[in-house]
Amino acid sequence: METIFTKIIKREIPAHIVYEDDLVIAFLDITQTTLGHTLVVTKEPYKNIFEVPEDTLKHLIVVVKNLSVAISNAFNASGVNLLNNNGAMAGQTVFHYHVHIIPRFKNDDIKVELPNQMSTLTQEDYKKRAAMIIAALS
Ligand code: AMP
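Residues numbered from 1 in each chain as written. Predicted model: local features only at pLDDT ≥ 70, side-chain atom pairs only at ≥ 80, totals over all residues. Heavy atoms only, no water.

K.L.:
An account of the packing of aromatic side chains is needed here, citing residue identities and associated values.
P.N.:
One pass over the full model with this rule turns up one aromatic pair. With centroids separated by 5.4 Å and ring planes inclined at 70 degrees, the aromatic side chains of F5 and F27 adopt a geometry described as edge-to-face. Here F5 is found in helix α1 (residues 4-9), whereas its partner F27 is found in strand β2 (residues 24-28), with 22 residues between them in sequence. Judged by its relative accessible area of 6%, F5 falls in the buried class. (Phe/Tyr/Trp six-rings, centres within 6.5 Å; stacked < 30°, edge-to-face > 60°. Helix = DSSP H or I, 4+ residues; strand = E, 2+ residues; numbered from the N terminus. Buried < 20%, exposed > 50% of the residue type's maximum accessible area, 1.4 Å probe, protein only.)

K.L.:
Run through the pattern of salt bridges, naming residues and quoting values.
P.N.:
Considering all chains together, one arrives at seven salt bridges under this definition. Among the salt bridges present, the one from E2 reaches K10, with a minimum N-O distance of 2.7 Å. When its relative accessible area of 46% is taken as the criterion, K10 is described as partly exposed. Linking E20 and K43 is a salt bridge whose minimum nitrogen-to-oxygen distance equals 3.0 Å. With a gap of 23 residues between them, E20 in strand β1 (residues 17-20) and K43 in the loop between β3 (38-42) and α2 (54-75) connect regions that are remote in the sequence. Its relative accessible area of 21% is what places K43 among the partly exposed residues. (Salt bridge = Lys/Arg side-chain N within 4 Å of Asp/Glu carboxyl O.)

K.L.:
Which residues make up unusual backbone geometry, and what values go with them?
P.N.:
Of note in this structure, Q32 is not a glycine but carries a positive phi near 45 degrees. Following the sequence through the fold, Q32 ends up in the loop between β2 and β3. For Q32, a relative accessible area of 30% puts it in the partly exposed group. Despite not being glycine, N107 has its phi angle at roughly 60 degrees, a positive value. Within the secondary structure, N107 sits in the loop between β5 (98-104) and α3 (123-137).

K.L.:
Which residues make up the nonpolar core, and what values go with them?
P.N.:
In terms of nonpolar packing, the biggest core is built from 13 residues, with V40, L60, V64, L67, Y97 and I101 touching the most fellow members. Listing elements by their share of this core, those giving two or more residues are β2, α2 and β5. Considering every element that reaches this core, the biggest residue donor is α2, with five residues. Every residue in contact with Y97, bar those within four places of it in the chain, is listed here: V40, V41, T42, Y46, K47, N48, I49, V52, L57, L60, N84 and N86. One finds I25, L39, V41 and V94 within the second-largest nonpolar core, a separate group that totals eight residues. (Core = buried A, V, L, I, M, F, W, Y, C linked by side-chain atoms within 4.5 Å. Contact = heavy atoms within 4.5 Å.)

Here it is as structure tokens:
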């Protein structure tokens, strides 16, 4: 299915493209959450990570790493958040697989906060959860 990113790939709408090869393309996220915020996108319009073939995923993660280094050097970033939302409940808004590279800077005021549920859990709870995941893998 065509997405807004397909239109960018086909040069039907403008974007600031910073990298492209046979499998992936990278361009500036229009929101620029922080300086240099970039999306790395599969050329094929896979909806989410679950649809992306392994070879493409392996290639993409190397591109993500190389671009993260380049972006950090370009803007003198102090760190990088990599973000990939899969599904509307997870915050995905464009259903065409992509990874956000979000460079981080001192005092950039971006909050990535994961609630800590430790105080509500027993060792039994952890054991059960780990066992459920291990069972689902087999
Ligand atoms: P997500 O919410 O993880 O699906 O991320 C989708 C991202 O695509 C958002 O951060 C948008 O800002 C970005 N986006 C949507 N349209 C464009 C566009 N035309 N050019 C660049 N980025 C876009």
